[in-house]
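Architecture and fold: a report
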Amino acid sequence: MMTSRLLLLHSTLLPLHPRRPLLLRRPVSLPSLPNLLRPPPTPRRPCCSCCLAPPLSAGDAAATLVVLAGAYSLVFTFDNLTQRNLIHQSLSRKLVHILSGLLFMASWPIFSDASSARYFASFVPFVNCLRLLIHGLSLATDDGLVKSVTREGNPAELLRGPLYYVLILIFCAIVFWRDSPTGVISVAMMCGGDGIADIVGRRFGSWKLPHNPRKSWAGSISMFLCGFLISIGMLRYFSGMGYFELDWSVSLGRVALISLFATLVESLPTNELVDDNISVPAVSILLSLLTWSS
Ligand SMILES: Nc1ccn([C@@H]2O[C@H](COP(=O)(O)OP(=O)(O)OP(=O)(O)O)[C@@H](O)[C@H]2O)c(=O)n1
Ligand SMILES: C/C(=C\CO)CCC[C@H](C)CCC[C@H](C)CCCC(C)C
């Protein structure tokens, strides 16, 4: 359902991609008679290297605006729910943590195949990065943003977890984009896995881990399972659209291994040293590169 909506949006925003299913192709209009009689335009000779560069894609600019609007709506919605006391601030923060990265990644197919598309997409976390810096340094105030993404309502918190989070999204979008499983798994582990560990751990985490009394078996087991399932779901989403091919007989084991290591790293009492939003994607990237290159 979600996939077909995204594809439909993509097909309306952008010229057709050869890998897109035939069903989604736009109807081709036949040339009218006057157009047939008109001599074909003579191709213009490029006068310099700038003339050879492809034009900036209006479709990608439109896709960027759509995703930017989505990001603002998400933060606004959770701020509203928190203000009305419908959900607690800590739950709002974790739901924004889970949804923003996963929805951001799910939006990648609406961008074109141009080499600049990843930069257009990265513009969204980049704008959010500036937003976090401006409000984290208290150069401006935005109570909604602070309430929906911080733990204690202190603007300086924006400069830690949330800032690392958007930087990882920028890094994965620019370096890996939708062409490799590495970025997909890393974002899925950081957003889905780590986010769910917190939600489940806070509610059902009475049985603590032997090496870290602040974390629980319930949190870590849910991180492992959800990180694995969300990664597989996102890999199927991108491979189903033809961005990469996977041999599922080995990929399932590799993703399970990455989920296990990401869960182990998340469970360590090292959050004061390295934030989970850095350690979890870092170990996922490393292991993914190692396993997929072997
Ligand atoms: N494996 C885990 C992870 C988290 N938790 C629960 O979730 C809470 C928050 O964990 P964590 O994400 O490490 O908290 P913070 O560092 O406070 O928040 P964040 O990482 O989101 O910045 C913990 O106190 C614990 O109750 C858990 O039980 N088991
Ligand atoms: C609370 C967060 C991290 C703490 O661990 C996440 C903060 C998220 C940002 C402030 C908002 C990020 C928006 C995304 C870059 C884009 C989302 C787009 C989508 C379509 C909703």
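Residues numbered from 1 in each chain as written. Chains lettered and ligands numbered in written order. Predicted model: local features only at pLDDT ≥ 70, side-chain atom pairs only at ≥ 80, totals over all residues.

**Details of the overall build of the protein**
The secondary structure content of the protein amounts to twelve helices and two strands. In sequence order, the secondary structure elements of the protein are arranged as α-α-α-α-α-α-α-α-α-β-β-α-α-α. Counting every position in the protein, which comprises 294 residues, the buried fraction comes to 36%. Across the protein, contacts joining residues at least 24 apart in sequence account for 70% of those joining residues at least 6 apart. (Helix = DSSP H or I, 4+ residues; strand = E, 2+ residues; numbered from the N terminus. Buried ≥ 20, exposed ≤ 12 C-beta atoms within 10 Å, placed from the backbone. Contact = placed C-beta atoms within 7 Å.)

**Points about the site of ligand 1**
Around ligand 1 sit 17 residues in total, of which Gly201, Gly205, Lys215, Ser216 and Gly219 are the nearest. Residue contributions to the shell around ligand 1 peak at four residues, all from helix α9 (residues 181–204). Split into classes, the residues belonging to the shell around ligand 1 amount to two nonpolar, eight polar and seven charged. (Near = placed C-beta within 6 Å. Nonpolar A, V, L, I, M, F, W, Y, C, P; charged D, E, K, R; others polar.)

**Observations regarding the site of ligand 2**
Around ligand 2, a shell composed of 22 residues is seen, among which Gly70, Ala71, Leu103, Pro125 and Gly161 lie nearest. Broken down by secondary-structure element, the contributors of at least two residues to the shell around ligand 2 are α4 (58–83), α5 (89–106), α6 (117–136) and α8 (161–175). Ranked by the residues each element gives to the shell around ligand 2, the list is headed by α5, at six residues.

**Re the nonpolar core**
Grouped together as the largest cluster of nonpolar side chains are 50 residues, with contacts concentrated most on Ala121, Leu169, Val184, Val187 and Ala188. Those residues in contact with Ala188 that lie beyond four places of it in its chain are Gly193, Gly227, Ile230, Ser231 and Met234. (Core = buried A, V, L, I, M, F, W, Y, C linked by C-beta atoms within 7 Å.)

**Structural notes on α8**
Think of an α-helix as turning once every 3.6 residues; residues three or four places apart then point the same way. Given a rise of 1.5 Å per residue, 15 residues ought to cover 21 Å, and the 21 Å separating the end C-alpha atoms of α8 matches this to within 8%. On the buried face of α8, the contacting elements are α5, α6, α7 (143–149), α9 and α12 (276–293). (Expected span 1.5 Å × (residues − 1).)

**Quick look at the domain arrangement of the protein**
For the protein, the assigned domains are domain 1 (59–175) and domain 2 (178–294). Distance between the C-alpha centres of domain 1 and domain 2: 20 Å. Tallying the contact residues gives 17 residues for domain 1 and 18 residues for domain 2. Looking at the side of domain 1 that touches domain 2 residue by residue, the class counts come to twelve nonpolar, three polar and two charged. (Domains from an automatic or database assignment.)

**Describing the packing of α9 against helix α10 (residues 217–240)**
The contact between α9 and α10 brings their axes to 7 Å, and the two run at 150 degrees. Helix-helix and strand crossings are classified by hand; for α9 and α10 the assignment is right-handed. Across the contact of α9 with α10, the residue classes tally to 16 nonpolar, eight polar and two charged. (Axes fitted to C-alpha atoms, helices over the stretch in contact; angles between N-to-C directions. Left-handed = near helix turned anticlockwise from the far one by under 90°.)

**Re the pairing of strand β2 (residues 212–216)**
Pairing of strand β1 (residues 208–209) with β2 involves two bridges; the strand directions are antiparallel. Paired with Leu209 across the bridge in β2 is Asn212. Once β1 ends, the chain turns through two residues before running back antiparallel as β2. (Pairing = 2+ DSSP bridges.)

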